[in-house]
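Single-letter residue listing:
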Amino acid sequence: MRVVVLPDQQAVAERGARIVASLVRSKPNCVLGLATGSTPLGVYRELIRMHAEEDLDFSLVTTFNLDEYVGLGPGHPQSYRYFMQSNFFDHVNVQPGRTHVPDGRALDFEAYCESYERRIADAGGIDLQLLGIGADGHIAFNEPGSSLGSRTRLKTLTKETVDDNARFFDNPDEVPRLAVTMGVGTILESKRCLLLAIGDHKARAIRSMVEGPVTSQITASALQLHRDVTVVVDESAASWLERREYYDEVERAQSLIESGQPRALGIQQPEE
Ligand code: PGA
């Protein structure tokens, strides 16, 4: 895991957007895995700006979202389809037919979830999966106890998640208790993962994910088994990390290599 600690929320959004944009530029027909929630909002804002000001082109990009509430249609203001339209898709040139958000009103969820997995595979798999993390360590709606091999399926939300989400609904009784979500196994198959976290309410989950054991009690910890994960957090979300100095050291070395100064690390170039 590459752990990048940045000063604040804006820096996290800019770094996240830069990683997404650089993939879209190098592979215009890439497949993006997208997330909802407050964390990725800044990334979407920045990508919309890059589309408007720097010609970032989404016309060939395909997207798959992680999850959706059961029972909410695309027109419901709290549905994740609605969130994606209003916070991202409606402001860039992604083709509507290439955007996929699970259907929270499918009649046969088992068949529907299988078809969602098949569509991801048919698109060539996810090149980059954007992720947030729940205070309980979940990724997507893979609540504690979810199988680390799980696939897209129905999931019952924990009381903690339902309570966390209640702030968005007028009446707490309206908060959905079930979601359709990609599984941990689905997420682990994406070629690269980018997990973002902001704020001290995420500090404990970030420490468990990065430095704790791999356990289904913190489903984000399964990312330790993935070969290409970048975790970008602000100072508050990083505040419980015990190996913080080491991550900063790795980051300094990585930046020198990426900015073409490997000699500063004692690495000789082939022609030298
Ligand atoms: P948040 O949600 O970005 O709104 O904090 C993250 C999550 O629960 O996965």
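In this text the structure is predicted, and so the values were computed from the model without any measurement.

Overview of the overall build of the protein
- Across its full length, the protein holds eight helices and 10 strands.
- Across the 272 residues in the protein, those meeting the buried criterion constitute 50%.
- When the accessible surface of the protein is split by element, carbon and sulfur atoms take 49% of a total near 12900 Å².
- Charge centroids of the protein, computed over 28 positive and 39 negative side chains, lie 2 Å from each other.

Notes on the sheet that holds strand 9 (residues 192–197)
- Here we have seven strands laid out as an open sheet, ordered 1-10-9-6-2-3-5, and parallel in their pairing. The sheet terminates laterally at strand 1 (2–6) and strand 5 (99–100), the two strands that pair on one side only.
- Contacting strand 1, strand 2 (31–34), strand 6 (128–131), strand 9 and strand 10 (229–234), helix 1 (residues 9–26) crosses the sheet at an angle of about 155° to strand 10.

Side note on the nonpolar core
- With 43 residues, the main nonpolar core has Leu-32, Leu-47, Phe-58 and Phe-88 as its most contacted residues.
- Elements supplying a minimum of two residues to this core: strand 1, helix 1, strand 2, helix 2 (41–54), helix 3 (80–87), strand 6 and strand 9.
- A total of eight residues in this core trace back to one element, the largest contributor, which is helix 1.
- With near-sequence residues (within four places) excluded, Leu-32 lies in contact with Val-20, Leu-23, Val-24, Val-61, Thr-62, Thr-63, Phe-64, Ile-126 and Leu-128.

Some thoughts on the pattern of salt bridges
- A complete count under the given rule lists 16 salt bridges for this structure.
- Residue Glu-53 is joined to Arg-49 by a salt bridge in which the shortest nitrogen-to-oxygen separation is 2.8 Å. Pair noted here: Glu-53 and Arg-49 are both in helix 2, with a separation of four residues, about one helical turn.
- A relative accessible area of 58% means that Glu-53 is categorised as exposed.

Scoring rules and cut-offs
Residues numbered from 1 in each chain as written. Predicted model: local features only at pLDDT ≥ 70, side-chain atom pairs only at ≥ 80, totals over all residues. Heavy atoms only, no water. Helix = DSSP H or I, 4+ residues; strand = E, 2+ residues; numbered from the N terminus. Buried < 20%, exposed > 50% of the residue type's maximum accessible area, 1.4 Å probe, protein only. Areas by Shrake-Rupley, 256 points an atom, 1.4 Å probe, with all protein chains shown as cover. Lys, Arg positive; Asp, Glu negative; His and termini not counted. Charge placed at Lys NZ, Arg CZ, Asp CG, Glu CD. Pairing = 2+ DSSP bridges. Contact = heavy atoms within 4.5 Å. Axes fitted to C-alpha atoms, helices over the stretch in contact; angles between N-to-C directions. Core = buried A, V, L, I, M, F, W, Y, C linked by side-chain atoms within 4.5 Å. Salt bridge = Lys/Arg side-chain N within 4 Å of Asp/Glu carboxyl O.

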